[in-house]
Amino acid sequence: MRKKTRFAALGAAAILGSLFSMNAFADNAPVTISWAVFETDNFTADYYQHIIDTFEADHPNIKIEKILMAGDSRPQFLKTMLSAGNMPDINIDPVDLADIEGVYAEVPEELLSKYEDSYIVTNNGSKNMIPAYTALRSQVYYNKQQFADAGITKTPETWDEFLETCEKLTEAGFTPLMGVGAADSWATSFGYWSGVANAEIEAVYPDFNQQVLAGEVSWTDPVIENTLLKWQDLINAGYYHKGSMSFSYTQASAEFLSGSAAMFMDGAWTATTIDSSEEYKDQFGAFMMPTPTGAKSYCTMPGYWAVSETCENKEAAFTFCEYVLGGNEDLYRYYLQADGVYSVTKEPVTYEMGTLQTEFRNNYDGMDVVPEITKVVGDYKLPSGFEDYTWKSLQNVFTGADVMSELESWDTEFARMLAG
């Protein structure tokens, strides 16, 4: 029987009761609310339909129209919709537009009071985002059988041990690391940036976002340069799958699970995927990616929803947000568990975790949590679009571009964006 552990979500919890009465629209004509979402292996069309069906069963006069965010960049999709005057009523992942005045509506204080204070942020004086969850970020998933066949008896805890692990796997005929390319520019660097670079930068600059926004530190800082050079060392050594840049994220995940590489730096959601698979659930483990200097920390990313200022039925929109994000505890649990994320409400909503997700979570015990630099929200958020720029630049690094030249371009682009 698969071991499961009950875990109280990071930050915490369930909303008691509904902000708005489910009968608020009972005597009114039906309204339709558009909801912009994105689909993944865990967030499927069926997953979203269950949420919609559950809500509409309790709110028959509010209809939810799903709008699928297309393309590689969700912020760019929303910017395009905003420019075209077709902004969806409710947005998942609204952070990049939240500091632009007039895009999102102020969230009712009664709704915000349901969530942990640390997740409530202000954008240019406006509390316009609803906390949805917090996500754990990157670790290394590994193929237990390939490790055993290569004579590896323990997971690496230092950078040198990680290099030795890669060498042993190579000598045994296995490809050490799976990479990602194609149109999924975010995924090329995600695992290394969030699991290694973020820890190295925060170890030296615990207030990095404040400092870089104030011009007190540069993107060409030696800490960032040296960390990315170490990444290039792994690439140049041939440790990554030779087909990495041709794989989308979905293709790379499938290749890894089928045994094409022994390790994959990826997020907590993959643990949920593996735990739910009868084929793969006992074949993989997870460990913290060692850092070159031994820096030890991990990062989390808060998720938010927002209601558009142009929404003609804001009360209905906030009713839907409140219902899914805790008003219906069972539905909130369903929403969280699908992607292995955790609740941010004041009373913990918990769910049963599988073996690998439990291992992933326990690997962080005793470690400090730090912000993820490119995911910070509120007053110290990086300029909208800058993260997209770094993703494409880091793909260049992966394919051999000079690290310092790329980082110099970050400084130039950062200054241009800050100037408006």
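Our structure is the block above this text.
Residues numbered from 1 in each chain as written. Predicted model: local features only at pLDDT ≥ 70, side-chain atom pairs only at ≥ 80, totals over all residues. Heavy atoms only, no water.

Caption draft 1: Region of the structure containing the nonpolar core. Core analysis: the largest hydrophobic core is formed by 90 residues, its most contacted members being Trp35, Ile90, Trp305, Phe320, Leu325 and Tyr335. Top contributing element to this core by residue count: helix α11 (residues 314–327), with 8 residues. Once you skip the residues sitting within four places of it in the chain, Tyr335 turns out to touch Phe43, Tyr47, Ile51, Ala132, Tyr133, Trp305 and Leu325. Residues Tyr142, Phe162, Phe386 and Trp410 belong to the second largest nonpolar core, which totals 44 residues. (Core = buried A, V, L, I, M, F, W, Y, C linked by side-chain atoms within 4.5 Å. Buried < 20%, exposed > 50% of the residue type's maximum accessible area, 1.4 Å probe, protein only. Helix = DSSP H or I, 4+ residues; strand = E, 2+ residues; numbered from the N terminus. Contact = heavy atoms within 4.5 Å.)

Caption draft 2: Region of the structure containing helix α6 (residues 185–204). For α6, with 20 residues, the first-to-last C-alpha span of 27 Å sits near the 28 Å given by 1.5 Å per residue. Taking the largest bend as the criterion, α6 deviates by roughly 55°, centred on Trp193. Among the 20 residues of α6, 17 are classified as buried, and the element is accordingly described as predominantly covered. (Expected span 1.5 Å × (residues − 1). Bend = angle between axes of the 7 residues up to and from the residue.)

Caption draft 3: Up close: the sheet that holds strand β8 (residues 284–287). With antiparallel pairing, 3 strands are arranged side by side in an open sheet as β7-β6-β8. In the strand order of this sheet, the two ends are held by β7 (263–267) and β8, each with one partner. Along the sheet, successive strands turn relative to each other by an average axial angle of 35°, direction set aside. The sheet contact formed by strand β6 (residues 138–143) and β8 spans 4 bridges and is antiparallel. Each residue of the ladder has a partner; that of Asn143, found in β8, is Phe284. Against the sheet, helix α5 (residues 159–171) engages β7 and β8, with an angle of about 130° to β7. Against the sheet, helix α13 (residues 355–362) makes contact with β6, β7 and β8, and its axis sits at roughly 10° relative to β8, the strand it touches most. (Pairing = 2+ DSSP bridges. Axes fitted to C-alpha atoms, helices over the stretch in contact; angles between N-to-C directions.)

Caption draft 4: Summary view of the packing of aromatic side chains. Taken as a whole and judged by the stated rule, the model has 40 aromatic pairs. In this structure, Arg74 packs its charged tip against the face of Phe38, placed 3.6 Å from the ring centre. (Phe/Tyr/Trp six-rings, centres within 6.5 Å; stacked < 30°, edge-to-face > 60°. Lys NZ or Arg CZ within 6 Å of the ring centre and 35° of its normal.)

Caption draft 5: Quick peek at empty space enclosed by the protein. For the structure shown, the criterion picks out 3 cavities of 30 Å³ or more. Of the volumes computed, that of the largest cavity is approximately 90 Å³. The wall of the largest cavity is formed by 13 residues, among which Met178, Thr188, Gly191, Tyr240 and Met265 lie closest to the centre. For the lining of the largest cavity, the secondary-structure elements that each account for two or more residues are α6 and β7. With 4 residues, α6 is the single largest residue contributor to the lining of the largest cavity. Classifying every residue of the lining of the largest cavity by side-chain character gives 10 nonpolar, 3 polar and no charged. (1 Å grid on protein atoms, 1.4 Å probe; cavity = no way out; pocket = protein on both sides within 12 Å on 5 of 7 lines; lining within 4 Å. Points joined across faces, edges and corners; volume = space filled by probe spheres on them. Nonpolar A, V, L, I, M, F, W, Y, C, P; charged D, E, K, R; others polar.)

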